[in-house]
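One-letter residues, chain by chain:
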Amino acid sequence: MMESWLAQHKNSITDPHQLAEHFAVHAGELAQVAQRYPLRLTTYLLKRITQPSDPLGQQFIPQLAELNNDVAQLVDPLNEELLSPVPHLVHRYPQRVLLLVAGSCFSYCRFCTRKRKVGCEDMAVSFGDILKGIDYIADHPEVNEVILSGGDPLTMSDRLLEDILKRLQRIAHVEVVRIGSRAPVVLPARITPALCEMFGRYQPLYFLTHFNHPAELTVEAIEACRQLVNAGVPVVNQTVLLRGVNDDATLLHKLFYSLHRLRIRPYYLHQMDLTCGTGHFRTRLEDGITIMDQLRGPLSGLAVPTYIVDLPGGHGKVPVTPDYVQRLGAQAQLRAADGTLIDYPQW
Ligand code: SF4
């Protein structure tokens, strides 16, 4: 019998020595990295990683390169801490807030923007914190959309999630809720019929997931997304462009078209944020622009995501198109929504 999602979550790999039993990795080196940036991956993923250099291995197995110092990288590249009027709530755009309801994830992506704190003590979120965040939202009538994120909100029980959704539903000016979760990729068993049925009762609710590579579209992952869509929950996807993992037009064509066929809308292709400990994953803007040019013709417009940069310093997201980006030698400048030109270190 298949283990419940909770049992699978509890049995996740968190000790580098466990990884060394499966792959040719140096447990001591991995432990050094994991001390700074925690390690966790589900046994579901473990079974699908053939070696640390494959697309899943690179995303979830720690690498010494995470400890490299790179002057262009920032601990909090999107300035989230300064944009948090109450703990675990980020208010960057007037109409939308990000409510970080969970401090941990089922598996830690090595390229995570919030790797400064996900899975760490700093990120422990109490229910009291969540209630303060909801009070803040209730006091701000300009907020009409709430994005539940973390960490992964689906690490919470259905009961707690529903409690949060119920409280948000009672706030008249909150019209749309989104839930960001990588569960379909890392622990598809978490997407149960009961969860989908509950989400179906809190419409309009968007499920924002995160597939980066066609290898993640397993039978189980496809079934998880099918259940969500069939329950009336729109599923949209964000992909991060990762050097050596998915920076290839043919591969991304396959990913985006497969998602499109599964009724999952490819929403954003993210340029990697300038996050400390992730420089080895970052592609150049020029590479992303070339990939997008190659995708646009052959791929149905509905399947083409917007290629974006989340500007360093919390200036918001901009699409990477000629109107927003200009080349300055080896560097680039990006135009923020207010017209300000922001320096970007890599063209
Ligand atoms: S699931 Fe999301 S929040 Fe969690 S480690 Fe991955 S990218 Fe970061």
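Whatever comes next refers back to the structure up there.
Small disclaimer: the values here were computed from a predicted structure and weren't measured. (Residues numbered from 1 in each chain as written. Predicted model: local features only at pLDDT ≥ 70, side-chain atom pairs only at ≥ 80, totals over all residues. Heavy atoms only, no water.)

**As for the overall build of the protein chain**
Filter applied, for reference: The helix count covers DSSP runs of H or I at least four residues long, the strand count covers runs of E at least two residues long, and both are numbered beginning at the N terminus. Atoms counted for the radius of gyration: C-alpha only. Globule rule: 2.2 Å times the number of residues to the power 0.38. Remark: exposure states derive from per-residue accessible area (1.4 Å probe, protein chains only) relative to the maximum for the residue type, with buried under 20%, exposed over 50%, and partly exposed in between. A contact between two residues is defined here by any heavy atoms of the two lying within 4.5 Å. Methods summary: accessible areas were calculated by the Shrake-Rupley approach with a probe of 1.4 Å, and residue burial reflects only the protein chains presented. We count Lys and Arg on the positive side and Asp and Glu on the negative side, and we leave His and both chain ends out. Here the site of a charge means NZ on Lys, CZ on Arg, CG on Asp, or CD on Glu.
When you go through the protein chain residue by residue, the secondary structure sums to 12 helices and 12 strands. Here the C-alpha atoms of the protein chain give a radius of gyration of 19 Å, agreeing with the 20 Å that 2.2 N^0.38 yields for 347 residues. For the protein chain, the spread of C-alpha atoms along the principal axes amounts to about 50 × 50 × 40 Å. Here the protein chain, with 347 residues, has 55% of them falling under the buried criterion. In the protein chain, the proportion of contacts linking residues at least 24 apart, taken out of those at least 6 apart, comes to 74%. Total accessible area computed for the protein chain in this model is approximately 14,900 Å², and 52% of it derives from carbon and sulfur atoms. Side-chain charges in the protein chain split into 33 positive and 36 negative, and the spacing between the mean points of these groups amounts to 4 Å.

**Some words on empty space enclosed by the protein**
Rules: Buriedness for pockets is judged along seven lines, at least five of which must meet protein on both sides within 12 Å for an open set on the 1 Å grid over protein atoms alone, while cavities are sets there where a 1.4 Å probe fits but cannot get out, and lining residues have an atom within 4 Å of a point. Grid points are joined across faces, edges and corners, and a volume is the space filled by probe spheres set on the points.
One pass over the full model with this rule turns up 2 cavities of 30 Å³ or more. There is about 50 Å³ of room inside the largest cavity. Lining the largest cavity are Tyr37, Pro38, Tyr108, Cys109, Arg110, Cys112, Lys115 and Val118. Approximately 30 Å³ is the volume found for the second largest cavity.

**Here's the deal with the layout of surface pockets**
Quick reminder of the rule: Residue classes follow a fixed rule: Ala, Val, Leu, Ile, Met, Phe, Trp, Tyr, Cys and Pro count as nonpolar, while Asp, Glu, Lys and Arg count as charged, and any other residue, Gly among them, counts as polar.
There is about 1,100 Å³ of room inside the largest pocket. In terms of lining, the largest pocket is formed by 42 residues, of which the most central are Arg114, Ser149, Leu208, Gln238 and His270. Elements that contribute at least two residues to the lining of the largest pocket include exactly strand S1 (89-93), strand S2 (96-100), strand S3 (145-149), strand S4 (176-180), strand S5 (205-209), strand S6 (235-240) and strand S7 (264-270). Residue composition of the lining of the largest pocket, by class: 20 nonpolar, 12 polar and 10 charged.

**Quick word on the nonpolar core**
Quick note on the threshold: Residues belong to one nonpolar core when they are buried, are Ala, Val, Leu, Ile, Met, Phe, Trp, Tyr or Cys, and are joined through side-chain atoms within 4.5 Å.
Of all hydrophobic cores here, the largest spans 96 residues; its most connected members are Leu19, Leu41, Ile137, Leu148, Leu154 and Phe199. Here this core gets 6 residues from one element, more than from any other, and that element is helix H11 (residues 249-261). Look past the residues within four positions of Leu154 in its chain and what remains in contact with it is Trp5, Phe106, Leu161, Ile179, Ser181, Ala183, Arg190, Ile191, Leu195, Phe199 and Phe207. Within the second largest apolar cluster, 5 residues are counted, among which are Val90, Leu100, Met123 and Ile147.

**Overview of unusual backbone geometry**
Of note, the amide linkage connecting Gly150 to Gly151 takes the cis form, showing an omega dihedral of 15 degrees. Between Gln203 and Pro204 the backbone carries a cis peptide bond, its omega angle lying at -5 degrees. Within the fold, Pro204 resides in the loop between helix H9 (193-200) and S5. In this structure, His88 takes a positive phi of about 65 degrees despite not being glycine. The residue His88 is located in the loop between helix H5 (55-60) and S1 in this model.

**Let's talk about the site of the ligand**
What counts here: Nearness here has a simple test: a residue counts as near a molecule or strand if at least one of its heavy atoms is within 4 Å of that partner. Just a note on the criterion: a molecule sits in a pocket or cavity if more than half of its atoms are within 2 Å of the grid points.
As a matter of local geometry, the ligand sits amid Cys105, Ser107, Tyr108, Cys109, Cys112, Gly151 and Arg182. In this structure the site holding the ligand corresponds to the largest pocket. Classifying every residue of the shell around the ligand by side-chain character gives 4 nonpolar, 2 polar and 1 charged.

**Re the sheet that holds strand S11 (residues 331-335)**
The line we're drawing: One bridge is not enough; two strands pair if DSSP finds at least two bridges between them. In this analysis, axes come from line fits to C-alpha atoms, helices being fitted only over the stretch in contact, and the angle between any two N-to-C directions falls in the range 0 to 180 degrees.
Taken in spatial order, the 3 strands of this open sheet run S10-S11-S12, and their pairing is antiparallel. Looking at which strands have only one partner, the edges of the open sheet turn out to be strand S10 (325-328) and strand S12 (341-344). Strand after strand, the sheet turns through a mean of 30 degrees between neighbouring axes, direction not considered. In this sheet, S12 lies alongside S11 in antiparallel orientation, the contact comprising 4 bridges. Note on S12: the bridge partner recorded for Gln333 is Asp343.

**Side note on the sheet that holds S3**
If you trace the 9 strands from one edge of the open sheet to the other, you get S1-S2-S3-S4-S5-S6-S7-S8-S9, paired in mixed fashion. On the outer flanks of this sheet lie S1 and strand S9 (316-319), each paired with one strand and no other. Neighbour-to-neighbour, the strand axes of this sheet turn through a mean angle of 25 degrees, independent of strand direction. Here 6 bridges tie S6 to S7, and the two strands are oriented parallel to one another. When the sheet's bridge partners are listed, Asn237 is paired in S7 with Pro266.

**A word on the side chain of His9**
In this structure, His9 sits in helix H1 (residues 5-10). Exposure remark for His9: the relative accessible area of 14% places this residue in the buried category. When neighbours within four sequence positions are excluded, His9 is seen to be in contact with Arg40, Cys105, Phe106, Thr155 and Leu187.

Just distances and angles here, no functional claims.
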